[in-house]
Amino acid sequence: MKELFEGAIKFQEEDYLNHKELYENLKKSQDPHTLFISCVDSRVVPNLITNTLPGDLFVVRNIGNIVPPYRENKENIRSGYLATTSAIEYALNILNIKNIIVCGHSNCGACHLIYEDENKLSQTPYVSKWLELLQPVKERVEALRPDTKAKRIWLTEQINIEYQLENLMTYPFVEEKFDSGELRIYGWYYIIETGEILNYNMIKREFKAISAHSNYIKR
Ligand SMILES: [Zn+2]
């Protein structure tokens, strides 16, 4: 813990002072351009991997970067997955955010856990309940019959991103803003050990590494 307290001092003495004007401008309000939905995994650091500053990203994190389907929650709003759904609603309808990134990552614990037996999952009932949302992902992966565990996990992590993008479109205000061109939606897959980020192409339905040659960089 000592490191964190020392870190707080270092932040005030160095990083804060380097961006003092930015912090003062952010005093009254925020105007983030991007809703960043990522896993809670400690190895995924949204501001670091996007080279962004305070005020840029509205970050929603949960186990497995899951977007609960909208309709399910609408019918059952009291017991719905409100921490995530309310943040999406706030980002779109109050902050008028212009981009959404769903960012999954390599070696994701959530994508491993859904293949564990019930006995192990029964030790963590809240996690188990939450991961029920990944059941359709598991079914899609199993239908592809991956022949190794590594391939199964890799497929799960990437199909998960694709599935969460589909879930985003079940939110009427997301669909409306996306269709009218007001909102852009991206799926990213972050590879921890190499630092690479793959971007999902919704038309070709494939992931491709983001590089200086990428079309969206040239735009
Ligand atoms: Zn994860």
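Residues numbered from 1 in each chain as written. Predicted model: local features only at pLDDT ≥ 70, side-chain atom pairs only at ≥ 80, totals over all residues.

1. What about the overall build of the chain?
In terms of helices and strands, the chain carries 12 helices and six strands. At 19 Å, the chain has a C-alpha radius of gyration in line with the 17 Å of a compact globule built from 219 residues. Summarising its shape, the C-alpha atoms of the chain cover approximately 55 × 50 × 45 Å along the three principal directions. The burial tally for the chain puts 27% of its 219 residues in the buried class. Contacts spanning at least 24 positions in sequence make up 63% of the contacts within the chain whose residues lie at least 6 apart. (Helix = DSSP H or I, 4+ residues; strand = E, 2+ residues; numbered from the N terminus. Rg over C-alpha atoms; globule rule 2.2 N^0.38 Å. Buried ≥ 20, exposed ≤ 12 C-beta atoms within 10 Å, placed from the backbone. Contact = placed C-beta atoms within 7 Å.)

2. Digging into the nonpolar core
Soluble globular proteins tend to bury their nonpolar side chains together. L35, F36, I37, I100, I101, V102 and C103 are the most contacted members of the largest nonpolar core, which has 38 residues in total. When contributions to this core are tallied by element, the ones reaching two or more residues are β1 (34-39), β2 (57-62), α5 (82-93), β3 (99-105), α6 (109-113), α9 (135-143), α10 (149-168) and β4 (184-190). When residues no more than four places from it in sequence are discounted, the contact partners of I37 are V60, N65, V67, I100, I101, V102 and C103. (Core = buried A, V, L, I, M, F, W, Y, C linked by C-beta atoms within 7 Å.)

3. Comments concerning the sheet that holds β1
Ordered by their spatial adjacency, six strands build an open sheet running β2-β1-β3-β4-β5-β6, and the pairing between neighbours is mixed. Of all the strands in the sheet, just β2 and β6 (206-209) have a single pairing partner and so form its edges. Going from strand to strand, the sheet's axes swing by 25° on average, the running direction of each strand aside. Pairing of β1 with β3, which is carried by five bridges, proceeds in the parallel orientation. Residue pairing across strands places I37 opposite V102, the latter belonging to β3. Against the sheet, α5 makes contact with β1 and β2, and its axis sits at roughly 165° relative to β2, the strand it touches most. (Pairing = 2+ DSSP bridges. Axes fitted to C-alpha atoms, helices over the stretch in contact; angles between N-to-C directions.)

4. As for unusual backbone geometry
Positive phi outside glycine occurs at N65, with the angle close to 40°. Structurally, the position occupied by N65 is in the loop between β2 and α4 (70-75). In this structure, R205 is a non-glycine residue whose phi angle is positive, near 55°. With respect to the helices and strands, the residue R205 is situated in the loop between β5 (197-201) and β6.

5. Here's the deal with the pairing of β5
Relative to β5, β4 runs antiparallel, the two being bridged by three bridges. Of the residues in β5, the one forming a bridge with W188 is N199. Examined bridge by bridge, β5 and β6 share four bridges and lie antiparallel to one another. Each residue of the ladder has a partner; that of N201, found in β6, is E206. Count of turn residues in the β5/β6 antiparallel hairpin: four residues, of which R205 carries a positive phi of about 55°.

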